[in-house]
Structure formats: C-alpha cells, structure tokens
Amino acid sequence: MSDQKSKEKAKKQVPLRLSASLWNDLAQWAEDDFRSINGQIEYLLTECVKYHKGQKK
C-alpha cells in the first residue's frame, strides 16, 4: 500500500460524550444495520460530510 493510501486509511481517536438516550438509540440503529456503534457513528458522520459537500456545489 502506498504511503498516501495508508495515511488516508489511518484512524484518529476522538473522545466523544453522548447522552445515555442518544447512545441507546445509536446502539439500536447500529444493531439494525449490523454495525458496531463506532462503525455506525463513523458511517453517519461520513454521510453527513458527503451531503454537506454536495450542498456546497
């Protein structure tokens, strides 16, 4: 894998505080989509960023 691609694949750790009710809702949604909670949060953030970039054009 090239150095550029490995940098793109590298993950950053981000501490995140969520309310218990939001955590529970995300956990249920993640389970429904067969993802981990972390995977669900990453998926949702990725989709929001894609949407935001699309709105700027």
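Please refer to the structure higher up on the page.
Residues numbered from 1 in each chain as written. Predicted model: local features only at pLDDT ≥ 70, side-chain atom pairs only at ≥ 80, totals over all residues. Heavy atoms only, no water.

### With respect to the nonpolar core
So, point 1. Judged by nonpolar contacts, L26, A30, I37, I41 and L44 together constitute the single largest core of 5 residues.
So, point 2. The greatest single-element share of this core, amounting to 3 residues, is contributed by helix α3 (residues 37-56).
So, point 3. If sequence neighbours within four positions are ignored, A30 has contacts with R35, S36, I37 and Q40. (Core = buried A, V, L, I, M, F, W, Y, C linked by side-chain atoms within 4.5 Å. Buried < 20%, exposed > 50% of the residue type's maximum accessible area, 1.4 Å probe, protein only. Helix = DSSP H or I, 4+ residues; strand = E, 2+ residues; numbered from the N terminus. Contact = heavy atoms within 4.5 Å.)

### Examining unusual backbone geometry
Among all residues save glycine, negative phi is the norm, and among peptide bonds the norm is trans.
So, point 1. Phi at F34 takes a positive value of approximately 55 degrees, unusual for a residue other than glycine.
So, point 2. Assignment of secondary structure puts F34 in the loop between α2 (20-32) and α3.
So, point 3. What makes F34 exposed here is its relative accessible area of 79%.

### Some remarks on the packing of aromatic side chains
So, point 1. For the structure on display, the rule yields 0 aromatic pairs.
So, point 2. Directly above the ring of Y43 sits R35, whose terminal nitrogen or CZ lies 3.9 Å from the centroid. (Phe/Tyr/Trp six-rings, centres within 6.5 Å; stacked < 30°, edge-to-face > 60°. Lys NZ or Arg CZ within 6 Å of the ring centre and 35° of its normal.)

### Some points on the environment of Y43
So, point 1. On the secondary structure map, Y43 appears in helix α3.
So, point 2. Judged by relative accessible area, Y43 falls into the partly exposed class, the value being 35%.
So, point 3. In this structure, the C-alpha to C-alpha distance between Y43 and K7, residues 36 residues apart in sequence, is 19 Å.

### A look at α3
So, point 1. Between its first and last C-alpha atoms α3 spans 29 Å; for 20 residues at 1.5 Å apiece the expected length is 28 Å, and the two agree.
So, point 2. Along α3, the residues classified as buried are I37, Q40, I41 and L44. Along α3, the residues classed as buried sweep out an arc of 100 degrees about the axis, all on the same side. Residues of α3 that are exposed and point over 90 degrees away from its buried face: N38, K50, K53 and K56.
So, point 3. Buried residues belonging to α3 abut α2. (Expected span 1.5 Å × (residues − 1). Arc of directions from axis to C-beta.)

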